[in-house]
Each structure stands twice: as structure tokens, then as C-alpha cells.
Amino acid sequence: MSSTPDRPGGSEDPFAVAEALQSVVRDTAAVEREAPAERITETIGTDDCRRDTVVLDEEMLGRRETVRVPTQRRPTPGRRAPLPVAALFATLWAALLTYLPVAAVIGLARTLEGSGGLAGAAHAGLAGWMLGHGVPIGTSIGPLALAPLALTGFVLWRLNRAGLHVTRAIGARRTGSFPRALLVAVVVGCAYALVGALAAILVDGRGTEVSTGVAASRFLALGVLGSLVGALRGTDAISVLARRAPPAIRHGLRSGVVAAFLILAAGAAAGGLAVALGGAQAADIIAGYQTGVAGQAGITLISIGYAVNVSIWAAAYLLGPGFALGTGTIVRLTEVAVGPPPMLPLVAGLPEGPVGSIGTLLLACPVIAGTVAGWALTQRLRFGRDSAWRAARRAGKGSAAVVEPRWSLLVTSGLFAGPVAGVALGVLAWLSGGAVGSGRLARIGPDPVQTGLVAALVVAVSVTLGAVATRAFFRRS
């Protein structure tokens, strides 16, 4: 059906009719008259007098549906939370979320097997929670100072979230202020140190001895470190610091961290494969405890808490220095000298002796990891950070011309990545070790100095060669 100006498209909307009438009045133009006789006339009938009229009723307009356009909510300056209150609340919440899983794992076996009630389970869970913070626990057999790094990583993640939440609560989000991020980290760390001191007072007693000063210092260090990362992210100060840093340092730092994590991933794969191949021995060790289903589940979960430690030990094994499993022991590719190992499921993957000539190919795993990090460095400098791993696919679609990175930047970044990876792996090797009593198991874990030096040398050479080779191959092809 055809539409008329006064009723467009057959619409019954009175507002559409009104707009059409106004357009008819406005859109007029003079027409040149050629001859009066040829002018076309049209008789207007009486039916046109019955045309619809529009009555603007304010009451009708008030009943029309309205739509509110959503806008971004902004925090009201007058409702910002005080820094001490926000830090204390976020710290207590992070401590509670990290303590409850530990108490559930350790206390499950004790409660169901009749070895103590809820009070004993809570006490044992609190001791294990403090052990995850690196606080040594004095026992009847000596100090227990082997921290489960899986729990430590979970604690750092929750402290990271605490720093981010406190930054938002005080209105410092995306301000780019490094001093405010540092202030948030210090306040959260001090609050977490108070939590650690209180936990040490509760744990210290008969059968478990904990130093309040050591506990407060360890909790303070973890609180500042974990919350600082979140505060830097929240204030966006990390981006400001990255833009101000020289390009060689910025790219070398990123490549060194990538290489360190790739080496850890290779260690985790090797350690997991070794434990899987020794699964029958691990099952026999778990069954030998004779603690029932709940006790065996608790032992399995505790072993999972030390899976990160085993991955670091396996990485040190692939690098060459190896690790110790007691005083006077060593486990490396070319030498294995251990006594009776502890009855833990994770020892099922221990090698029985030095590997042969074919096994020495495992030494190439860290080199391959560093080469991949060097390839990623060159690709990131060519195509940007977001498309470093999709460069080959994008290059085949007729993308724009690629600007090759400078040789000096590649070499400098690759060489700087070596010390970064060496420091990272050395610190992780130091954190993964410890003592289980004062007897034969007083020294467990890799040597941090040897691991860090070897990792720095391997990563510096492999990252540089990988970056330079990627640059040369792309130019020649």
C-alpha cells in the first residue's frame, strides 16, 4: 500500500503524522509556470475534510515508555574507604580464604580417623598454613622448613587480589601513581604481619614451636610482595614504569621471565612423566600408611601441594646441577647417590641411576626453551605483543610490510634475559628447598647458586641465538 505524506507507511503513530505534516509545510519550492491552460487542476473532495488530526496530550505523553541510557558508574569521592580499614578487611579475607583449604585437607584425616577433634584439626591446619608462608615449625624430630610452594603461590595470588581491591577502594585506580601503589603494599604487608604474629602465638605450644618474630617478618615480606603486584596493576603504574624503562631492559626482562617459565614447564613435564611411570610404587607408598581412605586422600593432597617444588627440582635436574634429597646425596643426570628416600608418593619418580648417552639429550630441553623465548622476542618486536604467536599465520594473509628489529636490540635483550632467568630460577630453587627434621633429611632441594649461574648462561646464549636466527631466517626467506 502506498504511503502519503500525512500518514507515512500507513503508520498510526500520531507523532509520525505530525512530523510528516511539518515536512510538507517546510519542503516547498517554486514551480515555473509554462502556460495557464496546461496547469493541472484537481478537485478536492469533501472527504479530505475528515483527515486525522493530532492532539498533543500531556497526560498521554507522560504514560509513554521511557528508556534510560546506561552510563558508567564512577565512584563517589565522598565514599572512598579509609586505607587502614580497606587493607585490614582485604587482608583478613585473603588469610581466611587461604587457611580454610589447608585446614580442610590436614584436618580431614585427623577428624575421620579419630586422631583429635576439630580443635586439633584447626591447630594442625594453622601450622601447615604457616609452613606455606616459609615459617619453620619446630617439632620433636627437628625443624620442619620445607614449604609447599603450591600453597605459597595460592597465598601470593590472594594477596595480589587484596592489593587490587584496596587500590580500587581508596580511589587510586588507574592513577598511574607508583607511590600510592607502594603505600598500599606496605599497609597490606603490615596488616598481614599482624595476622602472622597472631597465628604464631596460637600455634606456638606443646609439640609445635614457632618464632613470632620470624613469622611476622615472613608474612610481611609475602604481604608486601603479593599486594604490590596487585596495586601496580590497579593503579596502572606498571605500564608507566614499563614505558619509562629502556627497550633493551624491558624486552630482556620479559624474555627472561618467559624462558624461566618454559624451563619450569619442561621440568614439570619431566617430573610428572617420571611419577606417572612409577605410579605402582606411589600407590604402594600411599597404601603403606594404613590410614584409611580419608588419610590416603589427605596424603595425596599434601603431595600435590609439593608438586611445584618437584617441578623446580626437575628443572634443576635438566639444567645439570641437580638436587639433594638429604645430606650427602645428589641426584643429577650423570650421578645419582641417595639413601633410603622418604616415604612420599613423589619419590616414585626418582631415577635409579645416571642416564646413558641418549638420556643426556635431556640437557637440550633448557636450550630449546631459551630458543623459543628468543623466537618470541623477535616476533614480538616485529608484530607487537598481541600477535607474537600468530605472526606466521598473519604474514601469509598479505599483511603490511614488517619493520625488522635492530640487531643491537636483539642481542642486548637476549643477553639481559640470561641474568633475569638466572635470578628467577635461583630464587625459586632456594624457596623450594628446606629441611624435614634435623637428621638425614636436613638438606633437601637444589643448590640455588649453581642453578642460577647455569640457568643464566644457558638462557643468555639460547635466547640470543634464537632471536638472531629468527631475524636472519626471516630476512633471507
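Check the entry above for the structure.
So, here's what we can say about the structure. (Residues numbered from 1 in each chain as written. Predicted model: local features only at pLDDT ≥ 70, side-chain atom pairs only at ≥ 80, totals over all residues. Heavy atoms only, no water.)

We now examine the overall build of the protein. Scanning the protein from terminus to terminus reveals 16 helices and six strands. With 477 residues in all, the protein has 37% of them scored as buried. Expressed as a percentage of contacts within the protein between residues at least 6 apart in sequence, the contacts between residues at least 24 apart total 74%. Carbon and sulfur atoms make up 64% of the accessible area of the protein, which totals about 27600 Å². (Helix = DSSP H or I, 4+ residues; strand = E, 2+ residues; numbered from the N terminus. Buried < 20%, exposed > 50% of the residue type's maximum accessible area, 1.4 Å probe, protein only. Contact = heavy atoms within 4.5 Å. Areas by Shrake-Rupley, 256 points an atom, 1.4 Å probe, with all protein chains shown as cover.)

We now examine the packing of helix α9 (residues 247–277) against helix α13 (residues 364–383). Running from N to C, α9 and α13 cross one another at 145°; their axes reach a closest spacing of 9 Å. α13 is crossed by α9, and the crossing has right-handed handedness. Here H251, R254, S255, V258, A259, L262, I263 and A266 of α9 come into contact with α13, specifically with C365, P366, A369, V372, A373, L377, R380 and L381. Tallied by class, the residues present in the contact of α9 with α13 amount to twelve nonpolar, two polar and two charged. (Axes fitted to C-alpha atoms, helices over the stretch in contact; angles between N-to-C directions. Left-handed = near helix turned anticlockwise from the far one by under 90°. Nonpolar A, V, L, I, M, F, W, Y, C, P; charged D, E, K, R; others polar.)

Attention now goes to the packing of aromatic side chains. As enumerated under the stated definition, the model contains five aromatic pairs in all. Measuring from centroid to centroid gives 6.1 Å for Y99 and W129, while their planes differ by 75°, and the two rings are edge-to-face. Of the two residues, Y99 sits in helix α3 (residues 83–112) while W129 sits in helix α4 (residues 118–131), which places them 30 residues apart along the sequence. Its relative accessible area of 18% is what places Y99 among the buried residues. You can call W129 buried: its relative accessible area is 2%. When the ring of Y192 is compared with that of F219, the centres are 5.0 Å apart and the planes differ by 40°; the resulting orientation is tilted. With Y192 in helix α6 (residues 178–203) and F219 in helix α7 (residues 212–235), this residue pair connects regions lying 27 residues apart in the sequence. An identical accessibility class is assigned to Y192 and F219; each is buried. Site record: aromatic cluster; members linked through ring pairs are Y99, W129, Y192 and F219. Above the ring of W157, the side-chain terminus of R158 is found at 4.8 Å from the ring centroid. (Phe/Tyr/Trp six-rings, centres within 6.5 Å; stacked < 30°, edge-to-face > 60°. Lys NZ or Arg CZ within 6 Å of the ring centre and 35° of its normal.)

Once that is clear, we can look at the packing of α9 against helix α12 (residues 307–319). It is the contact of α9 with α12, at a shortest axis distance of 7 Å, that shows an interaxial angle of 100°. The orientation of α9 with respect to α12, classified from their angle, is roughly perpendicular. Here α9 contributes I263, L264, A266, G267, A268, A270 and G271 to the contact with α12, which in turn contributes S311, I312, A314, A315 and L318. Split by residue class, the contact of α9 with α12 holds nine nonpolar, three polar and no charged. (Parallel < 35°, antiparallel > 145°, perpendicular 65-115°, else oblique.)

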